[in-house]
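Spelled out, the chains give:
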Amino acid sequence: MIEVENLTKRYGRTTAVDGVSFRVQKGEILGFLGPNGAGKTTTMRILTCYLPPTEGTARVAGYDVLQSPLEVKRRVGYIPETPPLYPDMDVDGFLDFCAKIKGVPSASRKAKIDEAVEKTRIGDVRRKLIGQLSKGYRQRVGLAQAILANPDVLILDEPTAGLDPKQIIETRELIKSLGGGHTIVLSTHILPEVSMTCGRVVIINKGKVVAEDTPDNLTRRLRGAGALRVDVRGDAAAAAEAVRSVPGVLSVRARAESPETTTLEVEAEAGRDVRSAIARAVVSRGLDLLALQQVGMSLEEIFLHLTTSDTAHAEPPPPPPPASQEVTA
Amino acid sequence: MTALRNVWAIVEKEWRHYFGSPIAYVALMVWTLLFGIFFYFAFSLFLRQSMMAAQQMEFGGGPKMSLNEWLIRPVMHNMAVVALFLAPMLTMRLFAEEKRQGTIELLATAPITDLQIVLGKFLAAAGLYGLMILAGLLNLALIWYYAPTPPEWKPVLTGALALLLFGCCFIALGVFVSTLTRNQIVAGILSFCLFLGVWTLGWADDPSAGPVMRALAYLGVTTHMEDMVKGVVDLKDVVFYLSFIVFGLFLAHESVQSQRWRA
């Protein structure tokens, strides 16, 4: 549905987007993740034909943003970071105007407006002036405007920015419910949002794509199959020794949780499942295995990791915070 | 068809804004009030003059006084000055406000062309200005009601047409200036200065002046009003005004487009 190839946008001397490429399939929800100023908004503005790219191509539903902008615009619903609203219009009047400029035929205009109002739950403020609405309502009016013409593609720039927790949850639910019927690209710097709503994530930093995968895969890939947490009842040193003897284990760190139990943090070779071997090793030494758990890196950690270090792909993730009484292999 | 509908949607939205805020009412009020005042003064002057003329008549002749010449023409000229002041009020926010509010992004990502947006905004302002002229003409209706020999109606119509075309030049230019900034006040002041500049070009109209001055004077918007206010619609004047308007809108369109490339 969306094909972006080698997209570059320069403003004078600064390069806001630098050779970005990605694809979005029909019905998919793609999360666009990156710190402020990473080039998310610029990329989205190019996709909505608001800005022309300096280099590269972007196609929406097969139409190039430079060659046939009107066709692209007809198929895209967009909310910029601050929803573009006329404060002196009432909600109904505003949606009516939007329907007109989006080319919704007059016969179905009222039905479409009603539908958008219902989906975004703004029915109780339809006669109010937009200038008097709260931030949450304004955001929803912006969303109503975007879905009004029932576009194939929805592009949402930070759709939950500035909302209260309840509204954030509602908005996420709404976005999720829109997925499937619409292809959605949403940008955010709030990480849980991505793992909650998106099927796939593109992490962008300083105008470049640094990672692209499903949230789960990203987590797995960055840790390898590696990180395990093993809870053992018994002597810490013995437990560490037992686990270390398992082939494929790279490092073990032990810390005593209580006089009897020990928690081991184990790092294993990527792609090698050592869980059963560890279990056997622990039990064969006469220690009790209490828990064995694969620990993924949270999206937050991946994000920080990818966007703060320059050689993101080459380096292993940074060590977890120092634990008490360390025994390192 | 869709193009017309898009332009109309913009016009409708701008009108909703004009009449949803004090702008339209203030503009209409100032315009009709000044029209009335100028009309009153011109009328009393006309009465005094015609009284004197009547006295002279007793001693055998004197100039015949026409309402068109003594009443309608000076009022039209005065109103042109008022248009100079009011036009920036109508145009300054057209694009500046959209840029400040960020709503330009809504328009730019909707399936309408920049030309349709520019035309819609121009027609909205021109429409309101046309309404102002009509409201002013109500004063003149009084003459038809009371005057024993009504004045010629054709010069009144052509005078109104001149006023409309003349004002539309300002409006087209004002739409352009409004695209240059996100600050309404700046747009307003710049437009006014520009209008004043174009206006004063007409002052160079002097038969003894050199060719450069004559050419400049030709560009002055006021010089092309004279004949029309007298009741003579010369094609070259109409063409001048229309090309001026097209040029202003062309500048506005180019400005809107180029800003996207520079952004």
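A. Spatial organisation of the interface of chain B and chain A. The interface of chain B with chain A comprises 21 residues on the first partner and 22 residues on the second. For the side of chain B that touches chain A, the secondary-structure elements that each account for two or more residues are α1 (2-20), α5 (104-108) and α11 (235-262) of chain B. The greatest single-element share of the side of chain B that touches chain A, amounting to seven residues, is contributed by α1 of chain B.

B. Geometry of the confidence of the model for chain A. All names here are of chain A. Summing up the model confidence of chain A, the mean pLDDT is 82 and the portion of residues at 70 or higher is 87%. Taken element by element, the predicted model of chain A shows its lowest mean pLDDT in helix α11 (residues 299-308) (64) and its highest in helix α3 (residues 91-101) (94). Counting contacts from residues 310-329, a segment whose pLDDT is below 50, to residues more than four positions away or on other chains yields 28 contacts.

C. Examining the sheet that holds strand β3 (residues 29-33) of chain A more closely. All names here are of chain A. Taken together, six strands build an open sheet; the order of strands is β6-β7-β8-β3-β9-β10 and the sheet is mixed. In this open sheet, the two strands that pair with only one neighbour each are β6 (76-79) and β10 (208-213). For this sheet, the mean inter-axis angle between neighbouring strands, taken without regard to orientation, is 15 degrees. Two elements, β6 and strand β7 (residues 153-157), share four bridges in a ladder whose sense is parallel. Residue pairing across strands places Y78 opposite I155, the latter belonging to β7. Of the strands in this sheet, β6 and β7 touch helix α5 (residues 135-147), which is tilted by about 165 degrees from β6.

D. Expanded view of helix α6 (residues 114-146) of chain B. Under the 1.5 Å per step criterion, the end-to-end length of α6 of chain B is 49 Å for 33 residues, consistent within 8% with the ideal 48 Å. Where α6 of chain B bends most, the angle comes to about 30 degrees, and this point is N139 of chain B.

E. Structural view of the environment of T197 of chain A. All names here are of chain A. Checked against the element boundaries, T197 lands in helix α7 (residues 191-197). Among the residues examined, T197 registers 22 C-beta atoms within 10 Å and is labelled buried. The spacing of T197 and L186 is 11 residues in sequence and 9.4 Å in space, taken between C-alpha atoms. Residues in contact with T197, not counting those within four places in the same chain, are I29, G31, R172, I175 and K176.

Conventions used here
Residues numbered from 1 in each chain as written. Chains lettered and ligands numbered in written order. Predicted model: local features only at pLDDT ≥ 70, side-chain atom pairs only at ≥ 80, totals over all residues. Contact = placed C-beta atoms within 7 Å. Helix = DSSP H or I, 4+ residues; strand = E, 2+ residues; numbered from the N terminus. pLDDT = per-residue confidence, 0-100. Pairing = 2+ DSSP bridges. Axes fitted to C-alpha atoms, helices over the stretch in contact; angles between N-to-C directions. Expected span 1.5 Å × (residues − 1). Bend = angle between axes of the 7 residues up to and from the residue. Buried ≥ 20, exposed ≤ 12 C-beta atoms within 10 Å, placed from the backbone.

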